[in-house]
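# Per-entry structural report
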Amino acid sequence: MIPITLHHGGKAVQTLEFLDEGASTTLVESSLADSLDVEGTPEPLVIVWTGNVKRNEDSSRKIDLLVSAVDSRRKFMMSSAHTVGELKLPLHRTCYRSIVNKYHHLDGVPLSSTKMEVPRVLIGLDNLHLFAPLESKVGAPGEPIAVRSALGWAIYGPDWRLEQHHYLNHHLVQSLNNRQLHDLMAEQYAQEELHVAQGNPLESEEIRRARETLESTTVRVGDRFETGLLWKQEPVFPDSYPMALNRLKSLERRFQREPHMKQNVNQQIEYYLTKGYCHKATAEELKSTNPSSVWYLPLNVMLNPKKPHKVRLVWDAAAKSQGVSLNSYLLKGPDLLASLPAVISKFRERRVAVGGDIKEMYHQLRIRDADKQAQRFLFRFPEDDHPTVFVMDVATFGAASSPCSAQYVKNLNAQQFSTRYPAAAQAIVHRHGDDYYDSFDTEEEAIERTREVRWIHSKGGFEITNWTSNSTAVLRSLGVGGGSRESIHLNQDKVEDYERVLGIMWDTQNDVFFFAVPTNAAATEAEPPKKRGVLSTVMSLFDPVLISTEQHLPV
């Protein structure tokens, strides 16, 4: 651990860095890079640790910085470092004076004690020149050594901390024979099949606050609902405009490489303006809004590997400026989403099955005027010389509170029509997330129920699309061209790979479930399958919750 100073442009910031000879890449917390106005190049990162523990950093940027010892004017290049949200290294404090007094061979080493501080920079082998040994002082076996690098002196050894607490990782590896592996798997399934009845748990203070906000701010406005953002507390935002501007410039460089994406995004922003999902900030809004209530959301785009031509706009509510993000002020709220295994189980109870999903669900929620200015974003059309400030008038894909708010409004709208259509309202609340799946004894019942569900949704501004069924008569009643049936996966409109959500597909022609096996299956032509590989593939696809129900699903 060495105190250092990072430099970029005319700015500098001091922090504590960790020299790691076992790391292949240099990592810097993104809040440090933001404080130095470092733009960098977007380059998603996957961090892999022992035990195959992985961590995705989708918003990582590759940056170059200058670094120096705290008391030195000599600067060194730290190149190709990657930003991460947070390193999460242990809190560090060292009293070097006590160490030098105990080990006399360290006399004369210019070390100063460090305060209680968490390292925010990890220097790996890609910047080996920064911690290559230039000089060392070695004592007796078992005693710490001091090593001087380009960034100053550091102490290594098992006994140089005087505190009696240590951070220890212990990995135990032992081989298992086939019988032991079989028994271990049987025990795992037995544990997951247990069903324990639970009472209603006590709600946390955050859940209670979120419910109160939903109940007090959600109002019907015609065939739409207006609601408020779920604030943890009254927000006091720093200036986020520079951060959003840097992210916009980064996105525009991506547009230069991918002109088709630029055209797609331009069309989507025009569509948002036409639909009333956003508006250009007025002069009065820009002038009169309290700056501490203003937040600029960086605009990002996401591509689905299964749908390479589908570009989804995402407002990065996790992006930080001066250590603060919009999501850091937002509550997630109670989990109101219907359980997917429960929905699928009920979905195949009866002969006629039907499903669909709500189009642009989050964007049907109007955000109240008091909270809209926390949803500004920057965008520049081809004819514009400077970025324009826009305001999102609806809930955004990326805000922590959007999933809860959307489910709450969907359920509230259904409950308001429960007297007129009780069965349809019940289905919307209990068999419906943004996807709706249900089953019926007859085609006539399915046609009637889906019409009721669709009508109730229309009174809340929601529209179900992508209807599918194992009945051509039901599809024709819903206006699906020709009543055609095709295989679908049960997470069809999500950004994530659908294998991550049970991996289940529905063959509507034969009315059976099947599993989409990923390309990295258990065996290749060059190598026969092994039991561990087969088990790994099966566990990546199958959720034992599905077979723990009383209903036997056709698979």
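For the structure given in this document, a descriptive report is provided here.

What counts and how
Residues numbered from 1 in each chain as written. Predicted model: local features only at pLDDT ≥ 70, side-chain atom pairs only at ≥ 80, totals over all residues. Heavy atoms only, no water. Helix = DSSP H or I, 4+ residues; strand = E, 2+ residues; numbered from the N terminus. Buried < 20%, exposed > 50% of the residue type's maximum accessible area, 1.4 Å probe, protein only. Contact = heavy atoms within 4.5 Å. Areas by Shrake-Rupley, 256 points an atom, 1.4 Å probe, with all protein chains shown as cover. Core = buried A, V, L, I, M, F, W, Y, C linked by side-chain atoms within 4.5 Å. Salt bridge = Lys/Arg side-chain N within 4 Å of Asp/Glu carboxyl O.

## A short note on the overall build of the protein
- For the protein, the helix and strand inventory stands at 14 helices and 28 strands.
- In the protein, which comprises 555 residues, the proportion classed as buried is 43%.
- Excluding contacts between residues fewer than 6 apart, the proportion of contacts in the protein whose partners are at least 24 apart in sequence is 69%.
- Summed over its atoms, the accessible surface of the protein is roughly 29,900 Å², and 51% of this surface lies on carbon and sulfur atoms.

## Observations concerning the side chain of Q407
- Tracing the sequence through the fold places Q407 in helix α10 (residues 402–415).
- Excluding its chain neighbours within four sequence positions, the residues that come into contact with Q407 are L336, L337, M361, H432, G433 and D434.

## Considerations on the nonpolar core
- Within the largest apolar cluster, 69 residues are counted, with the highest numbers of intra-cluster contacts made by V265, L326 and F379.
- Among the elements that make up this core, the one with the highest residue count is α10 (six residues).
- If we ignore the near neighbours within four places in the chain, the residues touching V265 are F255, L299, V301, V311, L313 and F379.
- Core analysis: the next-biggest nonpolar cluster, separate from the first, contains 21 residues, I63, V121, I123 and A154 among them.

## As for the pattern of salt bridges
- All told, the structure shown has 19 salt bridges when counted by the stated rule.
- For R120, the salt bridge goes to E29, with nearest N and O atoms at 3.1 Å. Placement of R120 in the loop between β10 (114–117) and β11 (121–123) and of E29 in strand β3 (residues 27–29) is noted, with a sequence separation of 91 residues between them.
- Accessibility expressed as a relative area gives 7% for E29, which makes it buried.
- Where D441 meets R350, a salt bridge forms, and the shortest distance between an N and an O atom there is 3.2 Å. With D441 in the loop between β24 (435–440) and α12 (443–458) and R350 in the loop between α8 (340–347) and β20 (352–358), this pair connects stretches of sequence that are 91 residues apart.
- We classify D441 as partly exposed; its relative accessible area is 41%.
- Each of E205, R208 and E212 takes part in a single network of salt bridges with overlapping partners.

That's the geometry; what it means functionally is another story.
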